[in-house]
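Inside the fold
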Amino acid sequence: MKAVTERVRALRSAVNRMSPAPLLVRAGIFFTVLVGLLLAYPVEMFTARALLALTVVAVLPAVAPRRGWPTFAALVTVGGWLIASAGYDRPIALWRLLAVAAALYLAHTLCALAALLPYDAVVDPDLMLRWLTRAGAVVLAAAVVGVVLAWLGEIGGGAGFQAATVAGLLVAVGLSGLLGWLLRRG
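Just so it is clear, the model here is predicted, and its values are computed rather than measured. Every chain's residues receive numbers from 1 upward, in the order its sequence appears when written. Given that the model is predicted, a residue must reach a pLDDT of at least 70 before its local features are reported, and side-chain atom pairs must reach 80 or more before they are shown or counted; all residues, however, enter totals for whole chains, interfaces and linings. Excluded from the side-chain calculations are hydrogens and water; all other atoms, namely the structure's heavy atoms, are used.

1. Some details on the packing of aromatic side chains
- Two rings from Phe, Tyr or Trp (for Trp, the six-membered ring) form a pair when their centres sit within 6.5 Å of each other. Planes less than 30 degrees apart are called stacked, planes more than 60 degrees apart edge-to-face, and all others tilted. One pass over the structure, following the stated rule, counts one aromatic pair.
- Aromatic pair W69 and F72: ring centres 5.6 Å apart, planes at 85°, arrangement edge-to-face. On the criterion of helical spacing, the pair formed by W69 and F72 is a turn pair, its members being three residues apart in helix 4 (residues 69-87).
- Burial here depends on accessible area, computed with a 1.4 Å probe over protein chains only, as a share of the maximum for the residue type. Under 20% is buried, over 50% is exposed, and the range in between is partly exposed. Since its relative accessible area comes to 33%, W69 is described here as partly exposed. Elements are defined by DSSP. Helices are runs of H or I of four residues or more, strands are runs of E of two residues or more, and each kind is numbered from the N terminus.

2. Quick notes on the pattern of salt bridges
- We count a salt bridge whenever a side-chain nitrogen from Lys or Arg sits within 4 Å of a carboxyl oxygen from Asp or Glu. Following the criterion strictly, the structure yields one salt bridge and no others.
- R130 is the salt-bridge partner of D126, the closest N and O atoms lying 3.5 Å from each other. You can see D126 and its partner R130 sitting in helix 6 (residues 125-154), four residues apart, about one turn around the helix.
- Residue classification places D126 among the partly exposed positions, given a relative accessible area of 39%.

3. Concerning the side chain of T77
- Mapped onto the fold, T77 is located in helix 4.
- Should any heavy atoms of two residues lie within 4.5 Å, those residues are counted as being in contact. Discounting chain neighbours no more than four positions away, the residues touching T77 are G36, L37, A40, V100 and L104.

4. Topic: helix 4
- To estimate the expected span of a helix, count its residues, drop one, and scale the result by 1.5 Å. The terminal C-alpha atoms of helix 4, which comprises 19 residues, lie 25 Å apart, in line with the 27 Å expected from a rise of 1.5 Å per residue.
- Buried within helix 4 are the following residues: A73, V76, T77, G80, W81 and A84. The buried residues of helix 4 occupy an angular sector of 140° when the element is viewed end-on, so they sit on one face. Residues of helix 4 that are exposed and point over 90 degrees away from its buried face: T71, L75, L82, A86 and G87. The arc refers to the directions leading from the helix axis to the C-beta atoms.

5. Notes on the packing of helix 2 (residues 20-40) against helix 5 (residues 94-116)
- Interaxial distance between helix 2 and helix 5 falls to 8 Å at its minimum, and their mutual angle equals 155°. Here helix 5 runs roughly antiparallel to helix 2, going by the angle between their axes. The way helix 2 lies across helix 5 gives a crossing that is left-handed. Residue-level contacts link V25, R26, G28, I29, T32, V33, G36, L39 and A40 of helix 2 to W95, R96, A99, V100, A103, L106, A107, L110, C111, L113 and A114 of helix 5. Every axis in this analysis is a line fitted to C-alpha atoms, fitted for helices over the stretch in contact. Angles between the N-to-C directions lie between 0 and 180 degrees. Reported orientations rely on four angle classes, namely roughly parallel under 35 degrees, roughly antiparallel over 145, roughly perpendicular from 65 to 115, and oblique for the rest. In this scheme, a crossing is called left-handed if the near helix is turned counterclockwise away from the far one by less than a right angle; it is called right-handed if the turn is clockwise.

6. Section: the confidence of the model for the protein chain
- The predictor rates its confidence in each residue with pLDDT, a number between 0 and 100. For the protein chain, per-residue confidence averages 86 on the pLDDT scale, and residues scoring 70 or more make up 93% of the total.
- Across the protein chain, the element-wise mean pLDDT spans from 75 in helix 7 (residues 158-185) up to 94 in helix 3 (residues 48-63).

Here it is as structure tokens:
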């Protein structure tokens, strides 16, 4: 009983010391994960129980970003996308695909930021602005590349799909090489 009382006191102390910036980052995690889930899953599945489950999935990475919950939330989001496209025959819309991808990336980068920030950290607003600007630039660049690849897939019939696939693979290999070079450099 003494151990439980000590844990409750430690939790109360942590809540009392919490500063606004880490709390805002965690709220951002919850919001982006929930938006990604709502965009990924088909509307036909939205019952009260399912929405409660999706809300719990969105809360978990916000509460514990250093654990496996961000990966779990991303897998649940991708699973919803697969269920919607394969099980409910929802057509794949480019805007929805880009929005889900953006939500997944933003949730991932916000979890990385939250994992670095202690609950009681005093954070310079400039740091948050730079972090979010960088994340926005990545989302914008990925959206532009995605639209260009989708456009390449539409031209040329079957050969267009092949060209888009090859272009996508070249982009993936190029980015992997760039990341490897940056890792060795740093």
